[in-house]
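# Structure assessment
Here is what each chain is made of, one letter per residue.
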Amino acid sequence: MDKPPLVSRHLARNLAALRQVRSLTQESLAKSAGVPRSTIANLESGNGNPSLAVLTKVAEALATSIDELVASPRAKVRRWAAKDLASRGRGRGVTTRALVPEPVPEELMELMEFEPEAVMAGTPHLPGTREFFSCLQGRVTIFVAGERYELAAGDVLGFPGNVPHSYRNLDPNAHALGVSIVVLAKAGV
């Protein structure tokens, strides 16, 4: 038996994946697209040769584009060398860099390195913002709205991101390391 053409195989894989991600059965997708269920089954088998009208109906029913339906697989893997990741000094003795080098909507994630006796003021955000700090190594003291919280390796502190806060490594002899994740408030909420 001959293999289906490459575009048909891409369509079959993408259609099945998009349908499953949206928790649709072949029957429910067919009904939404206004085509017979056998058309969806045929397309997912890789043996379909749909008209432009059928592709358009299926794409609309999945709230996607025809391009996404027939796209070839793209490599989603990328490696960044530590030397290629931008870092910046903040406060006194604190260096930060993005934890994830690609944009993540509505979140800020940073790796924070604290020299001995380092101090950094936090940046206040909009009301509704939540911040989480995970201490990975050493000890970090965080002041939130005047309250003092001591974190050791493995501890996590969550707090409102709109209140005054600051970070300190009070140890005169040891570095500390942590991860900051800021879940930004949605504008207009």
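Quick caveat, the model's predicted, so the values are computed rather than measured. (Residues numbered from 1 in each chain as written. Predicted model: local features only at pLDDT ≥ 70, side-chain atom pairs only at ≥ 80, totals over all residues. Heavy atoms only, no water.)

## A word on helix H4 (residues 52-61)
Listed in full, the buried residues belonging to H4 are Val-54, Leu-55, Val-58 and Ala-59. The buried residues of H4 all sit within an arc of 130° when viewed along its axis, so they share a single face. Opposite its buried face, H4 presents the exposed residues Leu-52 and Glu-60, each directed more than 90 degrees away. Tucked into the core, H4 has its buried residues touching helix H1 (6-21), helix H2 (26-33), helix H3 (37-45) and helix H5 (66-70). The positive-phi residue at the C-terminal boundary of H4 is Ala-63, with phi of around 55°. (Buried < 20%, exposed > 50% of the residue type's maximum accessible area, 1.4 Å probe, protein only. Helix = DSSP H or I, 4+ residues; strand = E, 2+ residues; numbered from the N terminus. Arc of directions from axis to C-beta. Contact = heavy atoms within 4.5 Å.)

## What about the environment of Asn-14?
Relative to the helices and strands, Asn-14 resides in helix H1. The exposure class of Asn-14 is buried, given its relative accessible area of 11%. If we ignore the near neighbours within four places in the chain, the residues touching Asn-14 are Glu-68, Leu-69, Val-70 and Ala-71. Of note is the side chain of Asn-14, whose polar atom sits 2.5 Å from the side chain of Arg-13. (Polar contact = N/O pair within 3.5 Å; in protein donor to acceptor, adjacent residues only side chain to side chain.)

## Some points on the confidence of the model for the chain
Chain-level pLDDT for the chain is 89 on average; 94% of the residues reach the 70-or-more range. When pLDDT is averaged over each helix and strand of the chain, the minimum, 86, is found for H5 and the maximum, 97, for strand S6 (residues 147-152). (pLDDT = per-residue confidence, 0-100.)

## Re H1
Compared with the 22 Å implied by 1.5 Å per residue over 16 residues, the 22 Å span of H1 between its first and last C-alpha is a close match. Buried within H1 we find Ser-8, His-10, Leu-11, Ala-12, Asn-14, Leu-15, Ala-16, Leu-18 and Arg-19. Where the residues of H1 are buried, they touch H2, H3, H4 and H5. Where H1 terminates, the next one or two residues include Ser-23, which has phi positive at roughly 55°. (Expected span 1.5 Å × (residues − 1).)

## Side note on the nonpolar core
Met-112, Phe-114, Phe-133, Val-140, Ile-142 and Tyr-167 are the most contacted members of the largest nonpolar core, which has 16 residues in total. Among the elements of the structure, strand S3 (107-121), strand S4 (130-137), strand S5 (139-144) and strand S7 (156-160) are those that each provide at least two residues to this core. Looking at this core, the element that brings in the most residues is S3, giving four residues. Here Val-140 is in contact with Phe-114, Phe-133, Cys-135, Tyr-149, Glu-150, Leu-151, Arg-168 and Ala-176, once residues within four sequence places are set aside. Formed by 15 residues, the second largest nonpolar core is a distinct cluster that contains Leu-15, Val-35, Ile-40 and Ala-59. (Core = buried A, V, L, I, M, F, W, Y, C linked by side-chain atoms within 4.5 Å.)

## As for unusual backbone geometry
Phi at Ala-63 is positive, roughly 55°, even though this residue is not glycine. Owing to a relative accessible area of 68%, Ala-63 belongs among the exposed residues under this scheme. Residues other than glycine seldom take positive phi values, yet Glu-117 does so here, at roughly 60°. Counting through the fold element by element, Glu-117 comes out in strand S3.

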